[in-house]
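Read off the chains here:
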Amino acid sequence: MKKIIFATFILLGLFGCNSQPVINTETELIETGINPDTWITIPAGTFFSGMVPHEKLIDYDYEMMLTHVTNGQYAKYLNEAFSKGIIKIYKDSILGFYKGDPFDNYLHEEEITAGDKLFLALNKSGTHIRFTSETFNVDKGFDNHPVINVTWFGANAYAKFYHYRLPTELEWEKAARGKDTRAYPWGNEISSRITNYKSSNTVLHNILGGNVARTTPVGYYNGKTYDGFETEDNRSPYGLYDMGGNVWQWVGDDYPKVHYRYMRGGSFTNYEYNIFVWARNSAGPDYSSINIGFRCARDISKNAKEANADDNSVIDNTQVNNE
Amino acid sequence: MNRFNYLFTSTKGLILVAISLVSLITGIFGTLSGPMVEWGVRDLTVGILGMDLNPAERAGRIIMLYHTIAMSIVAIEVYMITSIIPMKKYEQRNINAIITFGYIIAMIAGLGFAYWGHNFSLHGIFLVGQSLVFFAGLMLAVALNPWKKIYYVTNNEYAHTKKGVDMERMAFFVMAVAMLISAGFGAVTGSFWSNGHETFLAEDLIRDPNKTALQKAIVGHLHIMLTLIAVAITLIVGRWMNFKGAFHKIAMPTMIFGTLVISGGVWSVVWTHMAHTFIYIGSVFVMLAALLLVIFSWKKLINDRIAERGLSNPTFFQKFAALFHDPIKFGPFWQMVFMNFTVSGVGIFMAIKLDQIFRVWPAREERITLTGHWHILAALIATIIIMYFVDISGIKGKTRKWFGWLLIIGSDTAFASMTIFSMKRLIVENETAQQGLMDKVMLLADFGLGIILVMMLMLLLWRLFDLFKKKGIWTEESVNQELTVEKTSNPVLNIERDTFNTEGGEK
């Protein structure tokens, strides 16, 4: 009896020891056939918001990116912004200016003042963007993976740089859900063939290898077969990819009293209840993680609006504008 | 029919039924989440049982599951209370009958409503069941009335007022009344469901600065109900150990005061931010009372064993060995100590470091820590009940030791692992490196929980097979129906025997 108890504690001790994981710095490029520079028009109209659905109206058309912003897109932005002196590098951190948020002096409220803020931590485990020879480069094979370890400040700066913006929570939810009350962007069922979430672990481990930051290329789940692994199309009713799973997406709202920044969509580290279209996550705007990225929205110009005037339908009549 | 009478009229049989049902529910519904999904077990369960799991109704399903399990646990505690606290036989019988009928129909109809399509007639029956449980609670409060002179304490070893009012009975009474009011807190809000109030999980509101009064009431309700269940089990195991003497005299008023303050604090959460201050103050008193019980019990275990071995001048190591001699009696109080590391400690730490650490982490991780620490509290309470049940079942010798130690090691490994899991950022800063730690603690948690589940299965199978025996343990328990404890007062001495519940199964 005593021996067994002793052996149990030894076993527990051994399990308790921790080891550093191996993060892939290069991988095989997976071609998905999806162009991340594509924008989708979301027409004005009502939709259902929340777990208990409430009808909401967005009375203007807007566009959202077809996919998350990729490492390649973000590195391009960093190079352009760096050359213009908009961002700077300080001790492995990419910093840039943010104007600050209004302060309400509420209980537990953290004041967000104007000043230089962290955009992206270079050399942070999981980051696939590196600064070498005065240029931002992407690890081999990760060009079309979503950018991660980017703060809300970094996501917001990217959007502003190109005169886009981060979508509001409502805009995001409408783009993910369409006009019905579905639970996931693609319908009401979830499986490891349709998105990258916690339960995809076993399947993706075999395809992507043992890297811990297990992102999949944007638009990976599009019905294509990769090395015998057949995916299902995970587009939302308006045609956006990965609105559930892969990595969380920062949205733009700044709510009074708290200043948390919200995220939507869930990620590869989360179980299915975080993938629901109504699931929310939040953190401080300077927080970054291997499971957080973003995509942008933009207002439609008057001319484009008129061109899209007849279109109010979903999925088959999606307006696709390649930039 | 004898078996039916045993299972549904005797205290020990009723406890066996409730533990079996909770185990069954935990076993079945535990397959619907976590790694079970990836392993395909959930699909199997859903397919075989024909469940209807609408994603939008997940929160509602979980709420219903919590309620059915919680009501069964409350029923177990009520069975124990009506057995160990002197009251009239008919009071015990009526309370037990009503709460049994109530929790079982609430369980069947509630789960039927939540997991097999929203049939609102089932929801209505669920409410009837809940109402019966509440009604049984009212009857219990009446039966526990500490001001009845026949229950006055004459033995000076037990806490009592100058007049003789039994302070332990008062503690049970205050707990019962507080629980009834707290249940009302939830019921009032529940009555607004779909009529202005929407289903939500408390953990989803943590960062919302604008909570409605109904939302605050629900958050308060779930916290205080679990706290009072913990207070009840503390008082129950105190009687099991025949808690008495100086510590008893300090602990009982402390527990009463703590229960009142903590309950009042939670109820005031709807109106004031000061609520948390009251809750902290009340918690200190409740925890102090529990600490006194732990010290008393361990001292008693040591002394009893030393006396049993006939050691007149025991060494430190002999005392140490004596403490660990019976894990089934050592365990409940160890779990109370362990609770401080995995529940109270985490809660206090979170409160202190709220702005510096926890509110900086993503909400989903703060949520895991919050839900984790009260799931652990609930599970620790369950292990204490199981240990008492093992004692009631008369398990002795090596089986008792194996069961006790494996239950303690299994549960503590699992709960410590989950605590580390939820606070992994404090241990490993590098986010990608956390995965390795998480994999290991998850494995340890599964290992610990696996041990508990296997042992519970063995225990219940043993009790099931016993029921098929002509002269099994159940026949003995049919005769000796009540829990064997020393009571704080003994009204049987003054009043006709057969109108009172006493040990030994008369009637």
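Values in this document were obtained by computation on a predicted structure and should not be read as measured data.

S.K.: Could you give an account of the overall build of chain B, with specific residues and numbers?
M.R.: Each helix and strand counted, chain B has 19 helices and zero strands in total. For chain B, the C-alpha radius of gyration of 23 Å lies close to 23 Å, the compact-globule estimate for 507 residues. Residues counted as buried form 54% of the 507 residues belonging to chain B. Nonlocal contacts in chain B, meaning residues at least 24 apart in sequence, comprise 74% of its contacts between residues at least 6 apart. Accessible area for chain B stands at about 22,100 Å²; split by element, carbon and sulfur atoms hold 68% of it. Side chains of chain B carry 43 positive and 34 negative charges; the gap between the two charge centres is 7 Å.

S.K.: Residues and numbers for the pairing of strand 5 (residues 87-90) of chain A, please.
M.R.: Residue and element names in this part refer to chain A. As paired elements, strand 5 and strand 6 (residues 93-98) share four bridges and run antiparallel to each other. Paired with Tyr 90 across the strands is Ser 93, a residue of strand 6. The turn joining strand 5 and strand 6, which pair antiparallel and follow one another in sequence, is formed by two residues; a positive phi near 50 degrees is taken by Lys 91.

S.K.: Which residues make up the sheet that holds strand 7 (residues 115-121) of chain A, and what values do they have?
M.R.: All names here are of chain A. What the three strands build is an open sheet, ordered 5-6-7; its pairing is antiparallel. Unpaired on one side and paired on the other, strand 5 and strand 7 mark the two borders of the sheet. Between one strand and the next, the sheet's axes are offset by a mean angle of 40 degrees, whatever the strand orientation. The sheet contacts of helix 2 (residues 71-83) involve strand 5, strand 6 and strand 7, and relative to strand 5 the element is tilted by about 100 degrees. Helix 3 (residues 152-161) contacts strand 6 and strand 7 of the sheet and is inclined by roughly 95 degrees relative to strand 7.

S.K.: Account for the interface of chain A and chain B, naming residues and giving values.
M.R.: Taken together, the 52 residues of chain A in the interface contact 43 residues of chain B. For the pair chain A and chain B, the two sides together bury roughly 3,900 Å², of which 58% comes from carbon and sulfur. Linking chain A to chain B there are one salt bridge. For Glu 272 of chain A, the salt bridge identified is with Arg 42 of chain B, shortest N-O distance 2.8 Å.

S.K.: Outline the sheet that holds strand 15 (residues 292-294) of chain A, listing residues and values.
M.R.: Residue and element names in this part refer to chain A. Read across the open sheet, the four strands follow the order 14-13-12-15; overall the sheet is mixed. Lying at the two open borders of the sheet, with one neighbouring strand each, are strand 14 (280-283) and strand 15. Strand-to-strand twist in this sheet, taken as the mean axis angle between neighbours without regard to direction, amounts to 40 degrees. Where strand 12 (residues 248-250) and strand 13 (residues 261-264) come together, two bridges link them in antiparallel fashion. Bridging from a neighbouring strand, Trp 250 pairs with Met 263 of strand 13.

S.K.: Kindly report on the packing of aromatic side chains, identifying the contributing residues and their values.
M.R.: This structure, assessed with the given rule, holds 46 aromatic pairs over all chains. Aromatic side chains Tyr 77 of chain A and Phe 161 of chain A sit 5.2 Å apart centroid to centroid with 70 degrees between the ring planes, which places their arrangement in the edge-to-face category. Placement of Tyr 77 of chain A in helix 2 and of Phe 161 of chain A in helix 3 is noted, with a sequence separation of 84 residues between them. In terms of burial, Tyr 77 of chain A and Phe 161 of chain A fall into one category: buried. Taking the centre distance of 4.9 Å and the plane angle of 80 degrees together, the rings of Phe 324 of chain B and Phe 330 of chain B count as edge-to-face. Assessed through its relative accessible area of 26%, Phe 324 of chain B is described here as partly exposed. What links up through ring pairs into an aromatic cluster is the set Trp 298, Phe 316, Phe 317, Phe 320, Phe 324, Phe 330, Trp 334, Phe 338 and Trp 405 of chain B. The side chain of Arg 261 of chain A reaches across the aromatic face of Trp 152 of chain A, ending 4.0 Å from its centre.

S.K.: Tell me about the side chain of Glu 91 of chain B, and name the residues and values.
M.R.: Residue placement: Glu 91 of chain B occurs in helix 6 (residues 89-115). Every residue in contact with Glu 91 of chain B, bar those within four places of it in the chain, is listed here: Ala 143, Lys 148 and Tyr 151 of chain B.

S.K.: Talk me through helix 2 of chain A; I want residue IDs and the actual numbers.
M.R.: Residue and element names in this part refer to chain A. Spanning 13 residues, helix 2 covers 18 Å between terminal C-alpha atoms, matching the ideal 18 Å at 1.5 Å per step. Of the residues making up helix 2, those classed as buried are Asn 71, Gly 72, Gln 73, Tyr 74, Ala 75, Tyr 77, Leu 78 and Ala 81. A positive phi of about 75 degrees marks Gly 85, the residue just after helix 2.

S.K.: Which residues make up unusual backbone geometry, and what values do they have?
M.R.: All names here are of chain A. Positive phi values are uncommon outside glycine, yet Glu 134 reaches one of about 60 degrees. Positionally, Glu 134 belongs in the loop between strand 8 (129-132) and strand 9 (135-138). Even without a glycine there, the phi angle at Asn 149 is positive, about 60 degrees. Assignment of secondary structure puts Asn 149 in the loop between strand 9 and helix 3. Taking the relative accessible area as the measure of exposure, Asn 149 reaches 0% and is therefore buried.

S.K.: Describe the packing of helix 9 (residues 213-240) of chain B against helix 10 (residues 246-267) of chain B, with residues and values.
M.R.: All names here are of chain B. With their axes 10 Å apart at the nearest point, helix 9 and helix 10 run at an angle of 170 degrees to one another. In this view, helix 9 runs roughly antiparallel relative to helix 10, as classed from their interaxial angle. Across the interface between the two elements, Gly 220, Ile 224, Thr 227, Leu 228, Val 231, Thr 234, Leu 235 and Arg 239 of helix 9 pack against His 248, Met 252, Met 255, Thr 259, Ile 262, Ser 263 and Val 266 of helix 10. For the contact of helix 9 with helix 10, the class distribution of residues is eight nonpolar, six polar and one charged.

S.K.: Got a sec to walk through the environment of Ile 206 of chain B? Specific residues and values, please.
M.R.: All names here are of chain B. By the secondary structure assignment, Ile 206 is in the loop between helix 8 (167-190) and helix 9. The exposure class assigned to Ile 206 is buried, which follows from its relative accessible area of 17%. As for Ile 206 and Leu 370, which are separated by 164 residues in sequence, their C-alpha atoms are 9.3 Å apart. For Ile 206, the contacting residues outside a window of four places in its chain are Lys 211, Arg 359, Ala 363, Glu 366, Arg 367 and Leu 370.

S.K.: Which residues make up the pattern of salt bridges, and what values do they have?
M.R.: What the rule picks out here adds up to 28 salt bridges over all chains. Between Glu 171 of chain A and Arg 165 of chain A there is a salt bridge, with the nearest N and O atoms lying 2.7 Å from each other. Arg 165 of chain A matches Glu 171 of chain A in its accessibility class, with the two residues each being buried. Arg 367 of chain B is paired through a salt bridge with Asp 204 of chain B; the nearest N and O atoms lie 2.8 Å apart. Of this pair, Arg 367 of chain B sits in helix 15 (residues 363-392) while Asp 204 of chain B sits in the loop between helix 8 and helix 9; the two residues are 163 residues apart in sequence, bridging distant segments of the chain. Given a relative accessible area of 9%, Arg 367 of chain B falls into the buried group. For Asp 204 of chain B, a relative accessible area of 41% corresponds to the partly exposed category. Bridged by salt links that share partners, the residues Glu 169, Glu 173, Arg 177, Arg 264 and Arg 280 of chain A form one connected network.

S.K.: Residues and numbers for a nonpolar patch on the surface, please.
M.R.: Residue and element names in this part refer to chain B. There is a patch of nonpolar side chains on the surface, built from Phe 247, Ile 250, Leu 288, Leu 291 and Ile 295 and spanning about 400 Å² of accessible area. Every element with two or more residues in the nonpolar patch is listed here: helix 10 and helix 11 (275-309). Of all the elements, helix 11 adds the most residues to the nonpolar patch, at three residues. As for its placement among the helices and strands, Leu 291 is situated in helix 11.

Rules used throughout
Residues numbered from 1 in each chain as written. Chains lettered and ligands numbered in written order. Predicted model: local features only at pLDDT ≥ 70, side-chain atom pairs only at ≥ 80, totals over all residues. Heavy atoms only, no water. Helix = DSSP H or I, 4+ residues; strand = E, 2+ residues; numbered from the N terminus. Rg over C-alpha atoms; globule rule 2.2 N^0.38 Å. Buried < 20%, exposed > 50% of the residue type's maximum accessible area, 1.4 Å probe, protein only. Contact = heavy atoms within 4.5 Å. Areas by Shrake-Rupley, 256 points an atom, 1.4 Å probe, with all protein chains shown as cover. Lys, Arg positive; Asp, Glu negative; His and termini not counted. Charge placed at Lys NZ, Arg CZ, Asp CG, Glu CD. Pairing = 2+ DSSP bridges. Axes fitted to C-alpha atoms, helices over the stretch in contact; angles between N-to-C directions. Buried area = accessible area lost by both parts, 1.4 Å probe. Salt bridge = Lys/Arg side-chain N within 4 Å of Asp/Glu carboxyl O. Phe/Tyr/Trp six-rings, centres within 6.5 Å; stacked < 30°, edge-to-face > 60°. Lys NZ or Arg CZ within 6 Å of the ring centre and 35° of its normal. Expected span 1.5 Å × (residues − 1). Parallel < 35°, antiparallel > 145°, perpendicular 65-115°, else oblique. Nonpolar A, V, L, I, M, F, W, Y, C, P; charged D, E, K, R; others polar. Patch = residues over 30% accessible without salt bridge, like charges linked within 9 Å, V, L, I, M, F, W, Y side chains within 5 Å.

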